[in-house]
Amino acid sequence: NVWEWTLSIRKFYPYRSDDGRETMDAPGTVLRTLRGGSWANAESSARCATRDWNDPPHRDSRVGFRVVSPGS
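Everything numeric here is computed off the predicted structure, so don't read it as measured data.

A. Representation of the layout of surface pockets. One number sums up the size of the largest pocket: a volume of about 250 Å³. Taken together, 14 residues line the largest pocket, and the ones lying closest to its centre are Lys11, Tyr13, Arg21, Thr33 and Arg51. For the lining of the largest pocket, the elements supplying multiple residues, two or more each, are strand S1 (3–9), strand S2 (32–35) and strand S3 (51–54). Looking at the lining of the largest pocket residue by residue, the classes come out as five nonpolar, three polar and six charged.

B. Fine view of the pairing of S2. Pairing geometry for S1 and S2, over three bridges, is antiparallel. Within S2, the position partnered with Trp5 by the bridge is Leu34. Inspection of the sheet shows S2 paired to S3 by four bridges, in the antiparallel sense. Of the residues in S3, the one forming a bridge with Leu34 is Asp52.

Here is what the cut-offs are and how they apply
- Residues numbered from 1 in each chain as written.
- Predicted model: local features only at pLDDT ≥ 70, side-chain atom pairs only at ≥ 80, totals over all residues.
- Heavy atoms only, no water.
- 1 Å grid on protein atoms, 1.4 Å probe; cavity = no way out; pocket = protein on both sides within 12 Å on 5 of 7 lines; lining within 4 Å.
- Points joined across faces, edges and corners; volume = space filled by probe spheres on them.
- Helix = DSSP H or I, 4+ residues; strand = E, 2+ residues; numbered from the N terminus.
- Nonpolar A, V, L, I, M, F, W, Y, C, P; charged D, E, K, R; others polar.
- Pairing = 2+ DSSP bridges.

Function cannot be inferred from these measures alone, as they are strictly geometric.
Structure (structure tokens):
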């Protein structure tokens, strides 16, 4: 189990889908949201509601992604 990259730019809550945080066209380097925790976190942090952030080029054995396919 690893932290999961999301498309969302790091912004504070409340979450609003129309506030620009879901754009791929963000200028420069922006921090993107990670969610879920990993095997290296405390059990209380390894849950889908847990959030963190990092620079997308960041590589780590505790960070991964989920492949999603649009419905057919």
